[in-house]
Amino acid sequence: MTVLSDTPNNLKMLDDLFAQLRTATAPAEIEALQSGIWQLWLSSGDAALDKELEAGMRAMQAEDHTLAIALFTHILQINPDFAEAWNKRATAHYLRGEYKASLEDIAETLLREPRHFGALWGKAGILRQLGDYRRALRTLDRLAALCAHLPGLPEQQLALRELLEDSGPLE
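Let us look at the structure shown here. (Residues numbered from 1 in each chain as written. Predicted model: local features only at pLDDT ≥ 70, side-chain atom pairs only at ≥ 80, totals over all residues. Heavy atoms only, no water.)

**A short note on the packing of helix H1 (residues 8-23) against helix H2 (residues 27-41)**
Inclusion rule: To get an axis, fit a line to the C-alpha atoms, keeping to the stretch in contact for a helix; angles then go from 0 to 180 degrees between the N-to-C directions. A helix here means a DSSP run of H or I that spans at least four residues, while a strand means a run of E at least two residues long, and both kinds are numbered starting from the N terminus. Orientation labels follow simple angle bins: below 35 degrees gives roughly parallel, above 145 gives roughly antiparallel, 65 to 115 gives roughly perpendicular, and whatever is left gives oblique. In this scheme the handedness of a crossing depends on how the near helix is turned from the far one: anticlockwise by less than a right angle means left-handed, clockwise means right-handed. Should any heavy atoms of two residues lie within 4.5 Å, those residues are considered in contact. Under the scheme applied here, ten amino acids are nonpolar (Ala, Val, Leu, Ile, Met, Phe, Trp, Tyr, Cys and Pro), four are charged (Asp, Glu, Lys and Arg), and all others, including Gly, are polar.
Between H1 and H2, the least distance of the axes is 10 Å, while the angle of their chain directions is 160°. By the angle between their directions, the pair H1 and H2 is classed as roughly antiparallel. For H1 against H2, the interelement crossing comes out left-handed. Contacts between H1 and H2 involve Asn-10, Met-13, Leu-14, Leu-17, Phe-18, Gln-20 and Leu-21 from the first element and Ile-30, Leu-33, Gln-34, Gly-36, Ile-37, Leu-40 and Trp-41 from the second. Residue composition of the contact of H1 with H2, grouped by class: 10 nonpolar, four polar and no charged.

**Points about the pattern of salt bridges**
Note the cut-off: When a carboxyl oxygen of Asp or Glu lies within 4 Å of a side-chain nitrogen of Lys or Arg, that pair is called a salt bridge. Three exposure classes are used, based on accessible area relative to the maximum for each residue type with a 1.4 Å probe and protein chains only: buried under 20%, partly exposed in between, and exposed over 50%.
On inspection of all chains with the given rule, the structure shows 11 salt bridges. For Glu-84, the salt bridge is made with Lys-88, and the minimal N-O distance between the two is 3.2 Å. Of this pair, Glu-84 and Lys-88 both sit in helix H5 (residues 83-95), four residues apart, which is roughly one turn of that helix. Lys-88 carries the same exposure label as Glu-84, and that label is buried. Residues Glu-98 and Arg-96 are paired through a salt bridge, measuring 2.7 Å at the closest nitrogen-oxygen approach. With a relative accessible area of 37%, Arg-96 lands in the partly exposed category. Taken together, the shared-partner salt bridges in this structure form one network comprising Asp-15, Glu-113 and Arg-115.

**Focus: the environment of Ala-107**
Tracing the sequence through the fold places Ala-107 in helix H6 (residues 99-112). Classification of Ala-107 as partly exposed rests on a relative accessible area of 47%. Once the C-alpha coordinates of Ala-107 and Ala-119 are considered, the two residues, 12 residues apart in sequence, prove to be 8.4 Å apart.

Below is the structure:
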């Protein structure tokens, strides 16, 4: 990873937060740890890019997904290693119903930050919507390795296992 915000201090903070997240069991603790991780992810290390990212997020909230995608694309042209810009663009594509484009951007996000729980959760949701239950379950299993006690995760895994059992033998 060569994101502008990947200073040794930020990477250490991320590693520490993820280590705590792996063992966290209380929902409030998990939420606080995730919030700390998001704060680090949302910073590119460049104030102008961070403002543009915020503008893109506001555009998504206003349901102007075309503008959001344009803003996130511009950020990625300047800093293609900024994982969170890939993730936000994936979200905007998803909100427009563009699942293939969203999955492509999620792959780019995970290439740069394999522990990105937001991207993993989104990927699992899209795969489930597409009926690819096996890959969705594998994605959730990957997410469980990061935070086994993530609220809602065990229920989602169980639901997918049941869907797979109903559709035939598990591999």
